[in-house]
Amino acid sequence: MKQEEAVKKVYAKIIKDKLVKAVFLKGSIARGECDEYSDVDFYCMVEEDKKGEFLSKRIEYLEAYKTIIYYTNEDFVGPQIVAVFEDGLHFDLYTVTRESLHCTDEVKVLYDPEGLLKNYKNEKFLLSNEEIAKYFDEATFMLLEFEAAYMRNDLVWASRLGSHISGYLSVILRYIYDKDNAQLGLKRLYKKMDSSMYEKYKKAMDLIGPSYLPDGVILLCEIAEEVLEKLPEEISGKINKKFFYFMFRNIKLLRSKSILEH
């Protein structure tokens, strides 16, 4: 695959300069989940005194593979170049130091002569009970915003709010079906959910378009109610259920209002 070729060529170029202390991969490649659509999460560990020189050469390193047609500088877990090559491959080049390295996700070590990564311990993408409860309450508050937008007939904005609600809900679903990776939300969640819930969630997403409201958001509320029953007491006890059921009732009433108007 092109990911393997890109990694091989960029790695060879970087190693020649001897500015790095370690090189490793994260993401789908490191987890063994890579397919032809995967991006590359390529990490280089440098010493602080070599960092400036390394950063100045990143485009040169990347173009050892192919011509870049787009790139931007970010600072997510450290200086990062988000690049797209002429063959469409998305390649993220991260620069970290020993102090700034975040031990999240699996790693695939390509170069580590000093054993700097030997004690690397993969921290899972967990969320606390309080954080899960907060996501639920924020989804409920978004229902209030949705109701107002729908009643104003601002259906495009209402649809966007429906998408926000689905995003909050996806994190809670991820917790239920894949607790260790709750922070990932929707990403590849379809592989974790049971088929019944997946079909219901997919239908809700179909129906949050402006022309189908409020049906999609009503279905999201039904999923949220089902999810609430699956959550352990240490989480559900922290959720404002009174507010949720108040909003759920109001959202269901929107359907009858919509029928009357038409």
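Residues numbered from 1 in each chain as written. Predicted model: local features only at pLDDT ≥ 70, side-chain atom pairs only at ≥ 80, totals over all residues. Heavy atoms only, no water.

Further remarks concern the overall build of the chain. Across its full length, the chain holds 10 helices and six strands. Counting only C-alpha atoms and orienting by the principal axes, one finds that the chain spans roughly 70 × 40 × 35 Å. Considering only contacts in the chain between residues 6 or more positions apart, those separated by 24 or more positions represent 60%. Carbon and sulfur atoms make up 49% of the accessible area of the chain, which totals about 14100 Å². Across the chain, the mean location of the 39 positive side-chain charges is 2 Å away from that of the 45 negative side-chain charges. (Helix = DSSP H or I, 4+ residues; strand = E, 2+ residues; numbered from the N terminus. Contact = heavy atoms within 4.5 Å. Areas by Shrake-Rupley, 256 points an atom, 1.4 Å probe, with all protein chains shown as cover. Lys, Arg positive; Asp, Glu negative; His and termini not counted. Charge placed at Lys NZ, Arg CZ, Asp CG, Glu CD.)

With that settled, consider the pairing of strand β3 (residues 68–75). As judged from the seven bridges shared by β3 and strand β4 (residues 79–85), these two strands associate in the antiparallel manner. Its bridge partner being in β4, aspartate 75 is matched across the sheet by proline 79. The turn linking β3 back onto β4 is made up of three residues, and glycine 78 within it adopts a positive phi angle of 150°. (Pairing = 2+ DSSP bridges.)

Next up on the list: the confidence of the model for the chain. In this model, the chain carries a mean pLDDT of 91, and residues with pLDDT of at least 70 account for 96%. Averaged over each element, pLDDT in the chain is lowest for helix α10 (residues 241–261) (85) and highest for helix α4 (residues 58–62) (98). (pLDDT = per-residue confidence, 0-100.)

Take the packing of helix α6 (residues 155–177) against helix α8 (residues 215–230) next. Look at α6 against α8: their axes get within 10 Å of each other, and the N-to-C directions meet at 25°. Judged by the angle between their axes, α6 and α8 are roughly parallel. The chirality of how α6 crosses α8 is left-handed. Contacts between α6 and α8 involve Gly162, Ile165, Ser166, Leu169, Ile172, Leu173, Ile176 and Tyr177 from the former and Val217, Leu220, Ile223, Ala224, Val227 and Lys230 from the latter. Across the contact of α6 with α8, the residue classes break down as 11 nonpolar, two polar and one charged. (Axes fitted to C-alpha atoms, helices over the stretch in contact; angles between N-to-C directions. Parallel < 35°, antiparallel > 145°, perpendicular 65-115°, else oblique. Left-handed = near helix turned anticlockwise from the far one by under 90°. Nonpolar A, V, L, I, M, F, W, Y, C, P; charged D, E, K, R; others polar.)

Our next topic: the pattern of salt bridges. Counted according to the given criterion, the structure contains 13 salt bridges. Here glutamate 5 makes a salt bridge to lysine 9, at a shortest N to O gap of 2.9 Å. With glutamate 5 and lysine 9 both in helix α1 (residues 2–17) and four residues apart, the pair spans about one turn of that helix. According to the relative accessible area criterion, lysine 9 is partly exposed, its value standing at 36%. Taking the shortest distance from any N to any O, the salt bridge between arginine 98 and glutamate 47 comes out at 2.4 Å. (Salt bridge = Lys/Arg side-chain N within 4 Å of Asp/Glu carboxyl O. Buried < 20%, exposed > 50% of the residue type's maximum accessible area, 1.4 Å probe, protein only.)

For α8, with 16 residues, the first-to-last C-alpha span of 23 Å sits near the 22 Å given by 1.5 Å per residue. Of the residues making up α8, those classed as buried are Gly216, Val217, Ile218, Leu219, Leu220, Cys221, Ile223, Ala224, Val227 and Leu228. (Expected span 1.5 Å × (residues − 1).)

With that out of the way, let us pick up unusual backbone geometry. If a residue is not glycine, its phi is most likely negative; likewise, a peptide bond is most likely trans. Put simply, leucine 213 and proline 214 share a cis peptide bond, and its omega is 10°. Among the secondary structure elements, proline 214 is positioned in the loop between α7 (195–206) and α8. Of note in the backbone geometry, lysine 18 takes a positive phi value of approximately 55° without being a glycine. Looking at the element boundaries, lysine 18 is found in the loop between α1 and β1 (20–26). Its identity is not glycine, yet asparagine 153 carries a phi of approximately 70°, on the positive side.

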